[in-house]
Amino acid sequence: MMAKITASVFTSHVPAIGAAMDLGKTHEEYWKPLFKGYEYGKRWMKDNKPDVIFLVYNDHATAFSLDFIPTFAIGTAPEFQPADEGWGPRPVPVVKGHPDLASHIAQSVIQQDFDLTIVNKMDVDHGLSVPLSLMCGQPPADNFEWPCPVIPFAVNVVQYPVPSGQRCYNLGKAIRKAIESYDQDINVHIWGTGGMSHQLQGARAGLINKEFDNAFLDKLINDPQAAADIPHIDYVREAGSEGIELVMWLIARGAMNDVNGGKAPLLKQRFYHVPASNTAVGHVILENQF
Ligand code: DHB
Ligand code: FE
């Protein structure tokens, strides 16, 4: 009996989405179409509840800063506090980790020659909490917790040099091996978050590129190696400076069955929406078939 990866989930993160949920604005005209796109995902999460979520995301100078910049950081702690990002921490549950599985993954992935940074204390910002909120909704007051433990996996996509799409894709394959060698009979989701096109700074602030984003979704789903081949300069030119967050989606995609000798996944959801603050929002659910 071994752990297995049952699905991958992909979603953008935008701080304003968290604020809309926290402040009860999800029914406003501006937000309605965005949240409609996640109704299926929320039902699907309830019907396909994992035992653990391996959540690939990026920290926005919250837990880390220019003082030290890990390329890949795995959270091995029993819990992770929601970060104060300037307006106080979001009113969301503490994230419960899975130290045993996280340590196993660290051991296995480092032995596969990816040098992870092991992090035993880490506050988690909107990069992690907004995807959880979108997929799980606001937990009820009388059971104020996320549906399962979460292993936070932070990727540096903020300060150059950042990892390539190909390295992220290969890392996903190593994480898959690690999870599948964990000798407990549990179901694991792997989530890739951040993106899609957006640029928050400089002369091109506000940039959105629907064509690039939809071509990326096509490749992610049907030809992930082609997505892994995209060089940094293309993300930055086409998807804006923060569009580089998309390389994180390749970690989750690299962990799926089809790119490791198995069957093609089922596409359960594909959604794309503009606008959400300054970011184009994309969302995909892929279910492994065995
Ligand atoms: C926005 C998007 C981000 O990814 C982020 O980290 C901060 C802000 C935005 O669109 O407003
Ligand atoms: Fe971001």
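Everything numeric in this text was worked out from a predicted model, so none of it was measured.

Explain the pattern of salt bridges to me, please; I cannot follow it from the model alone.
Side-chain pairing between opposite charges can occur once the charged atoms of the two side chains come close. This model, assessed by the stated rule, comprises 7 salt bridges. Between arginine 176 and glutamate 180 there is a salt bridge, and its shortest N-O distance comes to 3.6 Å. Remark: glutamate 180 and arginine 176 occur in helix H6 (residues 165–180); sequence separation between them is 4 residues, near one turn of the helix. The class of arginine 176 is buried, set by a relative accessible area of 9%. For glutamate 180, a relative accessible area of 29% puts it in the partly exposed group. Note that arginine 253 and aspartate 258 form a salt bridge whose closest N and O atoms lie 2.8 Å from each other.

What exactly am I supposed to notice about the pairing of strand E1 (residues 4–11) here?
Every regular strand shows the same layout, with side chains that alternate between the two sheet faces. Burial runs high along E1: 7 of the 8 residues are buried. Summarising the sheet, E1 and strand E10 (residues 279–287) pair through 5 bridges and their orientation is antiparallel. Its bridge partner lying in E10, serine 8 is registered against leucine 286.

Help me understand the pairing of strand E7 (residues 150–155) in this model?
Within E7, 6 of the 6 residues are buried, leaving the element largely enclosed by the surrounding structure. Neither face of E7 is left uncovered, since the one carrying Val150, Pro152 and Ala154 and the one carrying Ile151, Phe153 and Val155 both have all their residues buried. Bridge analysis of strand E3 (residues 72–75) against E7 gives 3 bridges, and the strand direction is antiparallel. Paired with isoleucine 74 across the two strands is phenylalanine 153, which belongs to E7.

Whenever I open this one, the site of ligand 1 confuses me. Can you help?
Every residue lining ligand 1 is accounted for by His13, Val14, Pro15, His60, His126, His198, Leu200, Glu245, Ser277, Asn278 and Thr279. Contacts to ligand 1 include histidine 126, whose side-chain N or O atom sits 2.9 Å from an oxygen atom. At 2.6 Å, a side-chain N or O of threonine 279 approaches an oxygen atom of ligand 1. Summarising the interface, the protein chains cover 87% of the accessible area of ligand 1, which totals 290 Å² for the free molecule.

Sorry, what's going on with the environment of aspartate 223 here?
If you trace the backbone, aspartate 223 turns up in the loop between helix H7 (210–222) and helix H8 (224–228). Residues aspartate 223 and valine 259, spaced 36 residues apart in sequence, show a C-alpha to C-alpha distance of 9.5 Å.

Where do I start with the packing of aromatic side chains in this structure?
To describe a pair of aromatic rings, one takes the distance between the centres and the angle between the planes. Evaluated as defined, the whole model comprises 11 aromatic pairs. Between the aromatic rings of tryptophan 31 and phenylalanine 35, the centroid separation amounts to 6.0 Å while the plane-to-plane angle is 55 degrees, which identifies the pairing as tilted. You'll find tryptophan 31 and phenylalanine 35 in the same group, each marked buried. Note on phenylalanine 64 and phenylalanine 68: the rings are 5.7 Å apart at their centroids and 70 degrees apart in plane angle, and the pair reads as edge-to-face. Every member of this aromatic cluster is reached through a ring pair, and the members are Phe10, Phe212, Phe216, Tyr235 and Trp249. Stacked on the ring of phenylalanine 290, the Lys or Arg lysine 4 has its end atom at 5.7 Å from the ring centre.

Where do I start with the coordination of the iron ion (ligand 2) in this structure?
Ideal values for angles at a metal depend on the geometry: 109.5 degrees with four tetrahedral donors, 90 or 180 degrees with six octahedral donors. All of the protein donors around the iron ion (ligand 2) are His13 (NE2), His60 (NE2) and Glu245 (OE); their distances to the metal are 2.1 to 2.3 Å. Donor residues binding the iron ion (ligand 2) come from one chain and are separated in sequence as H-x46-H-x184-E. Pair noted here: histidine 13 is in the loop between E1 and helix H1 (15–22) and histidine 60 is in the loop between strand E2 (52–57) and E3, with a separation of 47 residues, a long-range link. Given a relative accessible area of 3%, histidine 13 falls into the buried group.

Looking at this structure, how should I read empty space enclosed by the protein?
One water molecule sets the probe size; rolling that probe over the atoms shows where empty space is left. Enumeration according to the criterion identifies 1 cavity of 30 Å³ or more in this entry. In this structure, the largest cavity occupies an estimated 30 Å³ of space. In terms of lining residues, the largest cavity is bounded by Pro82, Val92, Pro93, Val95, Val124, Leu128, Ser129 and Trp146. Here the lining of the largest cavity is composed, by residue class, of 7 nonpolar, 1 polar and no charged.

I keep staring at the sheet that holds strand E9 (residues 266–276) and nothing clicks. Help me out?
Each strand in a sheet pairs with its neighbour through backbone hydrogen bonds, running either in the same direction (parallel) or in the opposite one (antiparallel). Read across the open sheet, the 8 strands follow the order E6-E3-E7-E2-E8-E1-E10-E9; overall the sheet is mixed. In this open sheet, the two edge strands, each paired with only one partner strand, are strand E6 (117–119) and E9. Averaged over all adjacent pairs, the angle separating strand axes in this sheet is 20 degrees, with direction ignored. Taken together, the 5 bridges between E2 and strand E8 (residues 187–193) define a ladder with parallel strand orientation. Bridge pairing in E8 places valine 56 opposite glycine 192. This element, helix H4 (residues 99–111), spans E2, E3, E6, E7 and E8 of the sheet and lies at about 150 degrees to E3. Sheet strands in contact with H6 are E1, E2, E3, E7 and E8, and its direction is about 30 degrees off that of E3.

The rules behind the values
Residues numbered from 1 in each chain as written. Chains lettered and ligands numbered in written order. Predicted model: local features only at pLDDT ≥ 70, side-chain atom pairs only at ≥ 80, totals over all residues. Heavy atoms only, no water. Salt bridge = Lys/Arg side-chain N within 4 Å of Asp/Glu carboxyl O. Helix = DSSP H or I, 4+ residues; strand = E, 2+ residues; numbered from the N terminus. Buried < 20%, exposed > 50% of the residue type's maximum accessible area, 1.4 Å probe, protein only. Pairing = 2+ DSSP bridges. Near = heavy atom within 4 Å. Polar contact = N/O pair within 3.5 Å; in protein donor to acceptor, adjacent residues only side chain to side chain. Areas by Shrake-Rupley, 256 points an atom, 1.4 Å probe, with all protein chains shown as cover. Phe/Tyr/Trp six-rings, centres within 6.5 Å; stacked < 30°, edge-to-face > 60°. Lys NZ or Arg CZ within 6 Å of the ring centre and 35° of its normal. Donors = N, O, S within 2.8 Å, 3.2 Å for Na, K, Ca; no water. 1 Å grid on protein atoms, 1.4 Å probe; cavity = no way out; pocket = protein on both sides within 12 Å on 5 of 7 lines; lining within 4 Å. Points joined across faces, edges and corners; volume = space filled by probe spheres on them. Nonpolar A, V, L, I, M, F, W, Y, C, P; charged D, E, K, R; others polar. Axes fitted to C-alpha atoms, helices over the stretch in contact; angles between N-to-C directions. Contact = heavy atoms within 4.5 Å.

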